[in-house]
Amino acid sequence: MDVNGAVAEGFEPVREAFVRNFEALGERGAAVAVYRHGRKVVDLWGGTKDVDGTSPWQRETAQIVRSATKGVAAAVLLMLAERGELDLDAPVGHLWPEYKAQGKEHTTVRHVLAHRAGVPVLDRPLTPAEAADPDLAATVLAGQAPVWEPGTDHGYHAQTYSWLTSELVRRATGRSMGEWIATEIAGPLGLDLWVGLPEAEAHRVGRVGRIEAPAREGALRTRPKRAVADAYADPESLTRRAFAAITPQPDENDPAYRAAVLPASNGIATADALARFYAALTGEVDGVRLFSPATVELARREASAGPDRVLVVPTRFGLGYMLHGSASPLLAPGSFGHPGRGGALGFADPESGIAFGYVTNGFHKSVTADPRAQALVRAVRTAQA
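Let me begin by describing the structure that accompanies this report.

Attention now moves to the overall build of the protein. If you tally the helices and strands in the protein, you get 14 helices and 14 strands. Against the compact-globule benchmark of 21 Å for 385 residues, the protein has a radius of gyration of 19 Å, which places it among compact chains. With the C-alpha coordinates aligned to their principal axes, the bounding extent of the protein is approximately 55 × 45 × 40 Å. For the protein, buried positions account for 57% of its 385 residues. Intrachain contacts of the protein at a sequence separation of at least 6 include 68% that bridge at least 24 residues. Carbon and sulfur atoms make up 49% of the accessible area of the protein, which amounts to about 15,300 Å² in all.

Put simply, helix H2 (residues 69–82) and helix H12 (residues 271–282) touch, their axes get as near as 11 Å, and they point 35 degrees apart. H12 is crossed by H2, and the crossing has left-handed handedness. Between H2 and H12, the contacting residues are Gly71, Val72 and Ala75 on the first element and Phe277, Tyr278 and Leu281 on the second. Classifying every residue of the contact of H2 with H12 gives five nonpolar, one polar and no charged.

Considering soluble globular proteins, one finds that nonpolar side chains tend to be buried as a cluster. In this structure, Phe277, Leu290, Phe291 and Tyr321 are the most contacted members of the largest nonpolar core, which totals 87 residues. With sequence-adjacent residues up to four places away left out, phenylalanine 277 is seen in contact with Gly71, Val72, Ala75, Ile185, Leu189, Leu191, Leu290 and Tyr321. Grouped together as the second largest cluster of nonpolar side chains are 26 residues, Val34, Val41, Leu331 and Ala379 included.

A word on the pairing of strand S9 (residues 314–317). With burial as the criterion, only one face of S9 is covered, namely that bearing Thr315 and Phe317; the residues Pro314 and Arg316 on the opposite face remain uncovered. The sheet contact formed by strand S8 (residues 304–307) and S9 spans four bridges and is antiparallel. Its bridge partner lying in S9, proline 307 is registered against proline 314. Hairpin connection, S8 to S9: the antiparallel pair is bridged by six residues, and valine 312 has positive phi, about 75 degrees.

Right, let's talk about the pattern of salt bridges for a bit. Within this structure, the stated rule accounts for 24 salt bridges. Between aspartate 135 and arginine 170 there is a salt bridge, and its shortest N-O distance comes to 2.9 Å. Of this pair, aspartate 135 sits in helix H6 (residues 134–142) while arginine 170 sits in helix H7 (residues 160–173), and the two are 35 residues apart along the sequence. Residue classification places aspartate 135 among the partly exposed residues on the basis of a relative accessible area of 48%. Owing to a relative accessible area of 26%, arginine 170 belongs among the partly exposed residues under this scheme. Across the pair arginine 300 and glutamate 297 runs a salt bridge, and its minimum N-O distance is 2.9 Å. Of this pair, arginine 300 and glutamate 297 both sit in helix H13 (residues 293–300), three residues apart, which is roughly one turn of the helix. The exposure class assigned to glutamate 297 is partly exposed, which follows from its relative accessible area of 35%.

The next thing to look at is the sheet that holds strand S4 (residues 63–64). A sheet is described by the order of its strands in space; here three strands give the open sequence S4-S7-S5, paired in antiparallel fashion. Of all the strands in the sheet, the pair left with one neighbour each is S4 and strand S5 (193–194). Alignment of S5 against strand S7 (residues 268–269), held across two bridges, turns out to be antiparallel. Within the sheet, the bridge partner assigned to tryptophan 194 lies in S7 and is isoleucine 268.

Neither face of strand S11 (residues 336–339) is left uncovered, since the one carrying Phe336 and His338 and the one carrying Gly337 and Pro339 both have all their residues buried. Of the pairings in the sheet, the one linking S11 to strand S12 (residues 345–349) comprises four bridges and is antiparallel in character. Across the sheet, the residue bridging to glycine 337 is phenylalanine 347, located in S12. Counting the residues that bridge the hairpin from S11 to S12 gives five residues, and of these glycine 342 lies at a positive phi of roughly 85 degrees.

Time to look at helix H1 (residues 12–24). Compared with the 18 Å implied by 1.5 Å per residue over 13 residues, the 18 Å span of H1 between its first and last C-alpha is a close match. Residues Val14, Ala17, Phe18, Asn21 and Phe22 constitute the buried set of H1. In an axial view of H1, the angular spread of the buried residues amounts to 145 degrees, which keeps them on one side of the axis. The elements touched by buried residues of H1 are strand S1 (3–7), strand S2 (29–36), strand S3 (39–47) and helix H14 (371–384). One or two steps after H1, the chain reaches glycine 26, where phi turns positive at roughly 75 degrees.

Below, the discussion takes up H14. In this model H14 runs 20 Å from its N-terminal to its C-terminal C-alpha over 14 residues, within 8% of the 20 Å that 1.5 Å per residue would give. For H14, the full list of buried residues reads Arg372, Ala373, Gln374, Ala375, Leu376, Val377, Ala379, Val380 and Ala383. For H14, the elements touching its buried residues are H1, S2, S12, strand S13 (354–360) and strand S14 (362–363).

Analysis parameters
Residues numbered from 1 in each chain as written. Predicted model: local features only at pLDDT ≥ 70, side-chain atom pairs only at ≥ 80, totals over all residues. Heavy atoms only, no water. Helix = DSSP H or I, 4+ residues; strand = E, 2+ residues; numbered from the N terminus. Rg over C-alpha atoms; globule rule 2.2 N^0.38 Å. Buried < 20%, exposed > 50% of the residue type's maximum accessible area, 1.4 Å probe, protein only. Contact = heavy atoms within 4.5 Å. Areas by Shrake-Rupley, 256 points an atom, 1.4 Å probe, with all protein chains shown as cover. Axes fitted to C-alpha atoms, helices over the stretch in contact; angles between N-to-C directions. Left-handed = near helix turned anticlockwise from the far one by under 90°. Nonpolar A, V, L, I, M, F, W, Y, C, P; charged D, E, K, R; others polar. Core = buried A, V, L, I, M, F, W, Y, C linked by side-chain atoms within 4.5 Å. Pairing = 2+ DSSP bridges. Salt bridge = Lys/Arg side-chain N within 4 Å of Asp/Glu carboxyl O. Expected span 1.5 Å × (residues − 1). Arc of directions from axis to C-beta.

The structure is reproduced here in structure tokens:
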């Protein structure tokens with residue numbers, strides 16, 4: 001297995017873990033990047049660009065990162081709040097009057113970011129083409145009745161987070177989420193990161209797909225808890241309905257899907273872009289810093305915790321970010337970030353100055369704690385010890 005790139009002295013365990021992912025965990029193509037106090041200390045890539053191909057992964061190869069996109073979308077809302085263009089405690093209906101329908105008039109922007117809005121499902125799922133239509137999607141979501149009183153509980157808004165956050169940005173700024181990210185985040189930092197992939201960049205993006213990790217001799221076979229397995233098996237559960245808010249399941253290799261602006265699920269990035277983005281949330285990167293120290297604390301202050309109405313397992317959220325916990329282990333208790341279902345992960349740890357990004361073209365069955373990403377996180381922890 002040829003692994004390209006470099007690691008700084010002391011971070012050799014990350015390279016070793018990256019190689020083991022290919023040898024033992026079925027990795028096909030992937031990249032990992034780590035920044036420490038704004039300086040890149042890990043930059044590795046290997047395998048094939050396409051999950052089912054033979055062309056090698058290049059330094060500039062990008063992949064869809066699924067829900068890891070949510071952390072970028074959250075940054076937009078928090079940056080707007082920091083600039084005084086969005087009030088986190090204001091009702092969503094102040095910006096978006098149609099959203100007041102069906103008992104949602106007291107839903108706040110803070111509820112949206114903390115997965116407390118109560119609308120993780122749609123009574124009528126959207127087709128992939130409808131999901132990509134911001135006007136139609138916003139209209140459908142505005143008319144949706146909440147499944148719990150907004151603010152009283154939390155549950156992962158797997159797909160509806162796209163239209164909630166996008167419409168808030170559009171109402172507050174007159175720009176789409178994708179445009180705002182491109183001009184205010186990706187541009188200043190030089191990130192290879194898009195929500196709404198431009199046609200000119202499509203050649204850089206690999207094909208993704210489901211893979212199975214190979215069985216390892218002597219390894220324990222872990223099974224999901226019965227309640228979790230039942231929730232994913234039941235078509236009427238909030239779990240199944242939340243992930244099926246777009247039905248049929250989109251083809252993630254379809255150029256039309258990749259060009260859509262769906263900040264809950266279809267961001268495309270390199271590992272370096274994810275890590276560099278998180279580095280700029282908590283510190284300065286080449287003269288650019290995205291969050292003030294106060295906003296960092298806002299992002300990682302616990303806003304939701306306990307049994308998740310959608311994911312079933314206990315989860316912890318700050319404002320738009322998953323926090324370190326059993327469902328999504330990060331580097332340390334103060335870390336915040338977001339995984340992508342089945343693979344990708346990005347996070348920052350302010351205390352150590354670490355920012356981390358991992359992308360892959362092969363998705364496992366895992367939702368929030370992919371074993372390949374976790375192996376790399378443990379290796380970073382070892383390097384920091």
